[in-house]
2 protein chains.
Amino acid sequence: MRIAVVGAGALGLYYGAVLQHAGEDVSFLLRRDYDAVMEKGLTVHSIDGDFHLASVRGARRPEEIGPVDLVIVGLKTFANDRFPDLITPLVGKETLVLTLQNGLGNEEALAGLFGPDRILGGVAFLCANRGEPGTVYHLGAGRIELGAFAGASSDRVAAVAESFARGGIDCRVVADLRAARWRKLVWNIPYNGLCALLDQSVDRLQTFPTSRGLVRLIMMEVIAAANAQGLHAPIEEDFAERMLVFTDDMGVYRPSMQIDRMEGRRLELDAIFARPLAAGTSQEVDMPRVDMLHALLAIVDRNATGVDSTAD
Amino acid sequence: MRIAVVGAGALGLYYGAVLQHAGEDVSFLLRRDYDAVMEKGLTVHSIDGDFHLASVRGARRPEEIGPVDLVIVGLKTFANDRFPDLITPLVGKETLVLTLQNGLGNEEALAGLFGPDRILGGVAFLCANRGEPGTVYHLGAGRIELGAFAGASSDRVAAVAESFARGGIDCRVVADLRAARWRKLVWNIPYNGLCALLDQSVDRLQTFPTSRGLVRLIMMEVIAAANAQGLHAPIEEDFAERMLVFTDDMGVYRPSMQIDRMEGRRLELDAIFARPLAAGTSQEVDMPRVDMLHALLAIVDRNATGVDSTAD
């Protein structure tokens, strides 16, 4: 399969490298890492075993790659306004577009540009950071829950899942992509939000009853909003407690939004906060804590970057 | 009038100095500032005109002062467990005790120790900071709303108000001290809380619609809690908007809780957050944003000082 990776952060580099390692023909759209990757290839330091790709196809512009079978989108969601420039040259008649981005609204934005029946979404449970240019660290997990947005044939979705599986990725096809997205938001909203706001790793939220209680209250608001969306099956009542216990085993983990704040990047507030809030509000679900966390992060984001995400 | 000032932070030093300047016989219980004040006196840099007190009665222990006519309490509220040690030696048969501290619960604690009919409360609208030892900066305002807690004679309350007035303080006697406390909380809870959490001065909250909106939502929760307490008169509907406009004129003002955080002190979370929340909850008023702000500040406080205020 000819694959192009757009948005070569930790997630894009890792999954792209794994797919190439498994035999796929992968091209990477690169910016920061271009020179290093062209010169030295791509190195993956992984809990599943390190590997090095000596020869990597890199491009600075999507026109250098041209149409492919599968586009994998790993852009930060605040860069979604670049979809037309970055993805259009990669899309031919049969091309599938898979977004592995965080939060809500990404499949819809891609469907609006390229048509709904070629769009796939994947909810990635990956702990990875970029190192020096040309290097990515895979620190934990990696599972992908993959689904069609609307209309893509199940054979083609299964073929994509098999490619990931050949690379050793636990990639499951799910019937209800929206439910998978919302289930991940139950974790992402409290942990990304509070860790970024307070600049502390997840373990420090876990051990203090006040912060653990706040995480639980925020999770319950997200679950209420999710269950008002008409998912195939509602999220179970004990899901918040299970996510809390699951997180106890993560150790000193810094969610992506905390790292974005530490590194001076914009925060992914639209996809992870504004859109879930709008979805909840549209069903008259009251989400005061999620709303307040969003406001506090918008203040922090504006102070750091000068950009008012609420004006998007 | 013989007056003792307990808790010689910016507020205690300023009001004590003003009362001595107006002719009262004031003693200060001092710790950090003792040596400087004994050697050089007390200097007030004030927007109303600077003055210097060359001779100041200072003491390191309340027993050196003994019983007085009026004790003024300016302690940080997290030190209220020191009331018995610090105040008992100052209290004789006719002594009044006036707390100018923030938040709820201070009059009740004093009444429990010294009897309700000698307790006065004052809601102070003062902008002052300490400088080097023996120096206090009066930056703005200074008004006091003074009231009996329960049973003190109106003549004696009026006499205390007159002492402040002779020092140039706008000191009004109010019939409903609880209402005055709650009205100040409408300002204190959002501005002290958000400025301390985000480490930014009030002006920066004012200009950004997202933070201004959050301040307003928090004010509305406090007003709802206040109006469920059976005050003599409810807080008016437009009070939040008036407080927002009032704050527009404050400029680059840092509330006391932000300064406490900057200087590594504990935050006054019990008096300003936990007690108003308990009062609201007891009347079944939902205060999710105040509750969340309290939790976030308790996390920040514990990270900085190691003390869990929620375990008090």
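Residues numbered from 1 in each chain as written. Chains lettered and ligands numbered in written order. Predicted model: local features only at pLDDT ≥ 70, side-chain atom pairs only at ≥ 80, totals over all residues. Heavy atoms only, no water.

> Got a minute to help me understand the interface of chain A and chain B in this structure?
How large an interface is tends to be reported as the accessible area lost when its parts come together. Across the contact, 24 residues belong to chain A and 24 residues belong to chain B. When chain A packs against chain B, close to 2,200 Å² is buried across both sides, 72% of that on carbon and sulfur atoms. Considering only the surface of chain A that becomes buried against chain B, A:F208, A:M292 and A:I299 emerge as the three largest contributors, covering 29% of it. Counting across the interface, chain A meets chain B through two salt bridges. Residue B:D291 is joined to A:R289 by a salt bridge in which the shortest nitrogen-to-oxygen separation is 3.9 Å. If you look at where chain A meets chain B, you find six residue pairs in polar contact (both at pLDDT 80 or more). Broken down by secondary-structure element, the contributors of at least two residues to the side of chain A that touches chain B are α6 (177–198), α8 (209–227) and α12 (288–305) of chain A. With 12 residues, α12(A) is the largest single contributor of residues to the side of chain A that touches chain B. (Contact = heavy atoms within 4.5 Å. Buried area = accessible area lost by both parts, 1.4 Å probe. Salt bridge = Lys/Arg side-chain N within 4 Å of Asp/Glu carboxyl O. Polar contact = N/O pair within 3.5 Å; in protein donor to acceptor, adjacent residues only side chain to side chain. Helix = DSSP H or I, 4+ residues; strand = E, 2+ residues; numbered from the N terminus.)

> How do you make sense of the domain arrangement of chain A when you look at a structure like this?
Residues and elements named next belong to chain A. According to the domain assignment, chain A consists of domain 1 (2–174) and domain 2 (178–311). The C-alpha centroid of domain 2 is placed 24 Å from the C-alpha centroid of domain 1. Taken together, the 21 residues of domain 1 in the interface contact 18 residues of domain 2. For the domain 1 face of the interface with domain 2, the top three residues by lost area are F78, N102 and L104, together amounting to 41%. Its salt-bridge partner being E107, residue R181 comes within 2.8 Å of it at the nearest N-O pair. (Domains from an automatic or database assignment.)

> How do you make sense of α6(A) when you look at a structure like this?
An α-helix turns once per 3.6 residues; consequently, residues spaced three or four apart project the same way. Residue and element names in this part refer to chain A. End to end, α6 covers 31 Å across 22 residues, agreeing with the expected 32 Å (1.5 Å per residue, within 8%). Where α6 bends most, at N188, the angle is about 35 degrees, and the proline P190 comes one to four residues later. By the criterion of burial, α6 is predominantly enclosed, with 20 of the 22 residues buried. Following α6 by one or two positions, D199 has its phi on the positive side, about 50 degrees. (Expected span 1.5 Å × (residues − 1). Bend = angle between axes of the 7 residues up to and from the residue. Buried < 20%, exposed > 50% of the residue type's maximum accessible area, 1.4 Å probe, protein only.)

> Got a minute to help me understand the nonpolar core in this structure?
A general tendency of soluble globular proteins is for nonpolar side chains to be buried together. Grouped together as the largest cluster of nonpolar side chains are 100 residues, with contacts concentrated most on A:W182 and B:W182. If near-sequence neighbours (up to four positions away) are discounted, A:W182 is found in contact with A:L104, A:V222, A:A225, A:A226, A:Q229, A:L231, A:I235, A:P276 and A:A279. Formed by 40 residues, the second largest nonpolar core is a distinct cluster that contains B:V44, B:V56, B:V136 and B:I169. (Core = buried A, V, L, I, M, F, W, Y, C linked by side-chain atoms within 4.5 Å.)

> Explain empty space enclosed by the protein here, please?
Residues and elements named next belong to chain B. Within the structure shown, the criterion is met by three cavities of 30 Å³ or more. Here the largest cavity is characterised by a volume of approximately 60 Å³. What lines the largest cavity is simply Q101, N102, G103, G122, V123, A124, R181, K184, L185 and N188. Among the secondary structure elements, those contributing two or more residues to the lining of the largest cavity are β8 (119–130) and α6 (177–198). Ranked by the residues each element gives to the lining of the largest cavity, the list is headed by α6, at four residues. (1 Å grid on protein atoms, 1.4 Å probe; cavity = no way out; pocket = protein on both sides within 12 Å on 5 of 7 lines; lining within 4 Å. Points joined across faces, edges and corners; volume = space filled by probe spheres on them.)

> Help me out: how do you make sense of the packing of helix α8 (residues 209–227) of chain B against helix α12 (residues 288–305) of chain B in this one?
Helix packing for two helices is described by the angle between their axes and how far apart those axes are. Residue and element names in this part refer to chain B. Two elements in contact, α8 and α12, have axes whose closest approach is 8 Å; the angle formed by their N-to-C orientations is 110 degrees. Comparing the axis directions of α8 and α12 gives the class roughly perpendicular. From α8, L214, L217, I218, E221 and V222 reach across to α12, where they touch P288, R289, V290 and L293. Considering only residue class, the contact of α8 with α12 consists of seven nonpolar, no polar and two charged. (Axes fitted to C-alpha atoms, helices over the stretch in contact; angles between N-to-C directions. Parallel < 35°, antiparallel > 145°, perpendicular 65-115°, else oblique. Nonpolar A, V, L, I, M, F, W, Y, C, P; charged D, E, K, R; others polar.)

> Explanation requested: the relation of the copies chain A and chain B in the structure shown.
Least-squares fitting of chain A to chain B yields an RMSD of 0.0 Å, with the transformation described by 0.0 Å of translation along the axis and a rotation of 180 degrees. With respect to symmetry, the two chain copies, as superposed, fit the operation of a two-fold axis. The share of interface residues of chain A whose copies in chain B are also at the interface is 100%, consistent with both copies meeting through the same surface. (Least-squares fit on C-alpha atoms with pLDDT ≥ 70 in both.)

> Quick question: what am I supposed to make of the pairing of strand β9 (residues 135–148) of chain A here?
Walk down a regular strand and you will see the side chains alternate between the two sheet faces. All names here are of chain A. Strand direction decides the pairing type here: strand β3 (residues 42–46) and β9, joined by four bridges, are parallel. By the bridge assignment for β9, H45 is matched with Y137. Inspection of the sheet shows strand β8 (residues 119–130) paired to β9 by 11 bridges, in the antiparallel sense. Bridging across to β9, L120 finds its partner in A148. Taking the residues that link successive antiparallel strands as the turn, the β8-β9 hairpin has four residues, and the phi of G134 there is positive, at about 85 degrees. (Pairing = 2+ DSSP bridges.)

> How should unusual backbone geometry be read in this particular structure?
Glycine aside, negative phi is the norm for most residues, and most peptide bonds take the trans geometry. Notably, A:A141 is not glycine yet its phi reads approximately 55 degrees, a positive angle. Along the chain, the position of A:A141 falls in strand β9. Residue classification places A:A141 among the exposed positions, given a relative accessible area of 52%. One non-glycine residue, B:D199, lies in positive phi territory at about 50 degrees. Looking at where B:D199 falls in the secondary structure, it is placed in the loop between α6 and α7 (202–207).

> How should the packing of aromatic side chains be read in this particular structure?
Both the distance between ring centres and the angle between the ring planes are used here to describe each pair of aromatic rings. All names here are of chain A. Per the stated rule, a full pass over the model turns up eight aromatic pairs over all chains. Seen in terms of ring centroids, Y15 and F164 are 5.8 Å apart; in terms of plane orientation they differ by 90 degrees. Their pairing is edge-to-face. With Y15 in helix α1 (residues 10–21) and F164 in helix α5 (residues 154–166), this pair connects stretches of sequence that are 149 residues apart. Y15 sits in the buried class, given a relative accessible area of 1%. Accessibility expressed as a relative area gives 0% for F164, which makes it buried. An aromatic cluster of three or more residues is present, and its members are Y14, Y15 and F164. A cation over a ring is seen here: R183 above F239, with NZ or CZ 4.5 Å from the ring centre. (Phe/Tyr/Trp six-rings, centres within 6.5 Å; stacked < 30°, edge-to-face > 60°. Lys NZ or Arg CZ within 6 Å of the ring centre and 35° of its normal.)

> Would you mind showing me how to read the packing of α6(A) against α12(A) here?
Residues and elements named next belong to chain A. Where α6 contacts α12, the two axes come as close as 10 Å, and the packing angle between them is 40 degrees. Between α6 and α12, the interaxial angle falls into the category oblique. Once α6 is placed against α12, the crossing between them reads as left-handed. Residues I189, G193, L194, A196 and L197 of α6 form the contact with α12, whose participating residues are V290, L293, L296, L297 and V300. Grouping the amino acids of the contact of α6 with α12 by side-chain chemistry returns nine nonpolar, one polar and no charged. (Left-handed = near helix turned anticlockwise from the far one by under 90°.)

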